[in-house]
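# Breakdown of the fold
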Amino acid sequence: MTALFKKSISLRMRLISGILIVSLVGFTMLIITATIYRNLAYQNQRSAITELIGLKVTNILEELSDISKNLGLDLQTDIKLRQAIKSADLKTIQSFLDMQFERYFVTSGMLKLQDIYIFDNNFAFVTNSSRGNSYTEYSKLPCSTMLSIAKKRVGAERLKPMSQLCSKQNEARFGVIVPVGSLNPFAYMLIVSDPAFSIIQLEQTLGDPIKITRYKGDVVYQSPVWPEEYQLEDFLIASHTLRDPNGSTILKTHAARDIEPYRQQLFNHAFVIILVSTIIFTLVVAGLIYTLKASLRPLDELQTAAAQLSKGNYVKVSRTSIPEIDIVIQSFNKMAEEITDLIKKLQSEIFEHKKTEKNLKKHQHDLSLARDQAFAASRAKSVFLANM
């Protein structure tokens with residue numbers, strides 16, 4: 001059964017089937033490659049946007065730090081505040097901070113003030129102002145890690161302002177510590193602002209709608225043009241995470257970029273690649289088919305010549321430029337010529353044998369006639385002698 005199956009499939013069909021399989025595999029690989037290229041392009045685009053968001057957010061926080069430092073330095077130069085801090089006049093300090101809080105609650109569209117804390121030289125809490133908030137809690141201070149680091153500083157290090165991302169009651173905060181007292185600090189001021197408010201301007205910088213969420217996914221801000229759920233497949237969402245010094249997530253900034261133009265560009269590139277690849281692959285397949293025909297043509301002639309040779313007709317097969325097949329053709333032509341010569345020789349021998357056999361029969365006939373004539377002459381002689 002296996003031998004019959006193998007015999008029923010010609011070499012031509014096997015080669016054509018091989019070419020078709022290779023073509024199918026080639027086009028499949030081309031489609032897979034195009035899909036992988038598209039996914040990698042989206043991934044690279046998302047990574048680029050994420051990196052851009054990170055750079056922009058870093059710049060925004062640096063600018064927020066500079067504004068907060070300038071605010072702190074501006075406040076601590078007020079003689080009235082300095083005297084109140086030195087004399088531990090909490091009422092005056094509180095009144096002054098409340099007044100300044102209302103003044104700087106939102107400044108330059110960049111700073112949204114949340115708290116102002118006053119600490120003594122050893123970073124012991126003195127008082128604070130939280131105007132504009134619905135809570136005032138002194139037991140849990142924000143930016144405790146930064147306060148611990150600042151407390152351990154010595155010498156000239158204590159003269160330098162510090163800034164850090166932190167949290168207060170699961171709310172993201174940005175704190176800046178400013179010394180009060182020029183070269184001989186006698187107190188410190190902690191200015192706490194809302195970083196999310198400052199990051200909102202990223203929307204204008206990027207030109208894309210943004211969404212800011214807390215670590216649990218609660219939305220702090222969402223652009224009015226943020227895509228709906230059913231539109232998300234037409235947008236590329238990139239996210240950047242802000243973490244506190246302990247590595248905990250405090251804010252996530254998401255940007256939604258319309259990828260339709262980018263998708264169209266990718267489609268055009270992929271179309272060109274597929275078109276060029278198809279042309280090249282078609283030329284390769286055409287070359288294979290031409291080679292197949294060039295290889296099978298002399299084999300067909302060889303098959304025809306073999307069939308004629310089996311009938312006693314010698315047909316010389318034309319040589320080909322394919323070395324492997326040409327060797328077979330030469331061998332066949334030589335073999336066919338030798339067989340033909342042998343057949344001619346055998347035919348000649350048969351002819352001579354028949355001729356000899358014919359002559360032999362004629363000679364035997366002549367001998368038979370001569371014998372009969374001799375017998376007749378002998379009888380005649382016997383009769384003649386008897387009559388005498």
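Preceding this section is the structure that the text describes.
Residues numbered from 1 in each chain as written. Predicted model: local features only at pLDDT ≥ 70, side-chain atom pairs only at ≥ 80, totals over all residues. Heavy atoms only, no water.

## Here we look at helix 3 (residues 79–86)
Turning to helix 3, its buried residues number three or more, namely Leu81, Ala84 and Ile85. Taken down its axis, helix 3 places every buried residue within 100° of arc, on the same side. Seen from the open side of helix 3, the exposed residues pointing more than 90 degrees away from its buried face are Ile79, Gln83 and Lys86. Two or three places before Lys80, at the start of helix 3, stands the capping residue Asp78, its side-chain oxygen 3.0 Å from that residue's backbone nitrogen. Downstream of helix 3 by one or two residues, Ala88 has phi in the positive range, about 55°. (Buried < 20%, exposed > 50% of the residue type's maximum accessible area, 1.4 Å probe, protein only. Helix = DSSP H or I, 4+ residues; strand = E, 2+ residues; numbered from the N terminus. Arc of directions from axis to C-beta. Polar contact = N/O pair within 3.5 Å; in protein donor to acceptor, adjacent residues only side chain to side chain.)

## Section: the packing of aromatic side chains
Taken as a whole and assessed by the stated rule, the structure comprises six aromatic pairs. When the ring of Phe119 is compared with that of Phe125, the centres are 6.2 Å apart and the planes differ by 70°; the resulting orientation is edge-to-face. Looking at Phe119, the relative accessible area reads 1%, which means it is buried. For Phe125, a relative accessible area of 30% translates into the label partly exposed. If you follow Lys86 out to its NZ or CZ, it ends over the ring of Phe186, 4.9 Å from the centre. (Phe/Tyr/Trp six-rings, centres within 6.5 Å; stacked < 30°, edge-to-face > 60°. Lys NZ or Arg CZ within 6 Å of the ring centre and 35° of its normal.)

## Observations concerning the nonpolar core
Of all hydrophobic cores here, the largest spans 46 residues; its most connected members are Ile53, Met189, Leu202, Leu242 and Leu251. At eleven residues, helix 2 (residues 11–76) tops the list of elements feeding residues into this core. The residues contacting Ile53, other than those within four sequence positions of it, are Leu202, Leu206, Ala238, His240, Thr253 and Ala255. Listed in part, the 13 residues of the second largest apolar core include Phe119, Ala150, Leu190 and Val192. (Core = buried A, V, L, I, M, F, W, Y, C linked by side-chain atoms within 4.5 Å. Contact = heavy atoms within 4.5 Å.)

## Quick word on the state of the cysteines
The full count for this structure, using the stated rule, is one disulfide. Between the sulfur atoms of Cys143 and its disulfide mate Cys166 the distance is 1.8 Å. Here Cys143, found in the loop between strand 3 (125–129) and helix 5 (144–152), pairs with Cys166, found in strand 4 (residues 162–168); they are 23 residues apart in sequence, far enough to count as distant. Here the two residues Cys143 and Cys166 agree in accessibility, since each one is buried. (Disulfide = S-S within 2.5 Å.)

## What about helix 8 (residues 260–310)?
The terminal C-alpha atoms of helix 8, which comprises 51 residues, lie 71 Å apart, in line with the 75 Å expected from a rise of 1.5 Å per residue. Those residues of helix 8 that sit buried are Leu266, Ala270, Val285, Leu292, Ala294, Ser295, Leu296, Pro298, Leu302, Ala305 and Leu309. Gly312 sits one or two residues past helix 8 and shows a positive phi near 95°. (Expected span 1.5 Å × (residues − 1).)

## With respect to the side chain of Ser193
The residue Ser193 is located in strand 6 (residues 187–193) in this model. Its relative accessible area of 0% is what places Ser193 among the buried residues.

## A look at the pattern of salt bridges
Scanning the model with the defined rule gives five salt bridges in all. A salt bridge links Arg263 to Glu260; its shortest N-O distance comes to 3.6 Å. In this pair, Arg263 and Glu260 are both assigned in helix 8, three residues apart and thus about one turn of the helix distant. A relative accessible area of 28% places Arg263 in the partly exposed class. With relative accessibility at 38%, the residue Glu260 sits in the partly exposed group. Each of Asp234, Glu260 and Arg263 takes part in one network of salt bridges that share partners. (Salt bridge = Lys/Arg side-chain N within 4 Å of Asp/Glu carboxyl O.)

## Here's the deal with the environment of Val225
Considering the arrangement of structural elements, one finds Val225 in the loop between strand 8 (219–222) and strand 9 (235–243). We classify Val225 as exposed; its relative accessible area is 56%. Separated by 31 residues in the primary sequence, Val225 and Ala256 have C-alpha atoms spaced 9.7 Å apart.

## What about the sheet that holds strand 7 (residues 210–213)?
The strand order across the open sheet formed by four strands is 8-7-10-9, and the pairing between neighbours is antiparallel. Both outer strands of the open sheet, strand 8 and strand 9, are each paired with one neighbouring strand and no more. The mean inter-strand angle of the sheet, taken between neighbouring strand axes irrespective of direction, is 15°. Looking at chain direction, strand 7 and strand 10 (residues 249–258) are connected through four bridges and run antiparallel. Residue pairing for strand 10: Ile210 is matched across the bridge by Ala255. (Pairing = 2+ DSSP bridges. Axes fitted to C-alpha atoms, helices over the stretch in contact; angles between N-to-C directions.)

## Side note on the pairing of strand 9
Burial along strand 9 is one-sided: Leu236, Ala238, His240 and Leu242 are buried, while Phe235, Ile237, Ser239, Thr241 and Arg243, pointing the other way, are not. Where strand 9 meets strand 10, nine bridges bridge the pair, whose relative direction is antiparallel. Following the sheet pairing, Ile237 is matched in strand 10 by Ala256. Count of turn residues in the strand 9/strand 10 antiparallel hairpin: five residues, of which Gly247 carries a positive phi of about 90°.

## Considering the environment of Pro209
Looking at the element boundaries, Pro209 is found in the loop between helix 7 (202–206) and strand 7. When its relative accessible area of 11% is taken as the criterion, Pro209 is described as buried. Sequence separation of Pro209 and Thr282 is 73 residues, and the distance between their C-alpha atoms is 46 Å.

## What about the environment of Ser318?
Tracing the backbone shows Ser318 in the loop between helix 8 and helix 9 (323–387). Accessibility expressed as a relative area gives 47% for Ser318, which makes it partly exposed. In this structure the C-alpha to C-alpha distance between Ser318 and Leu24, which are 294 residues apart in sequence, comes to 35 Å.

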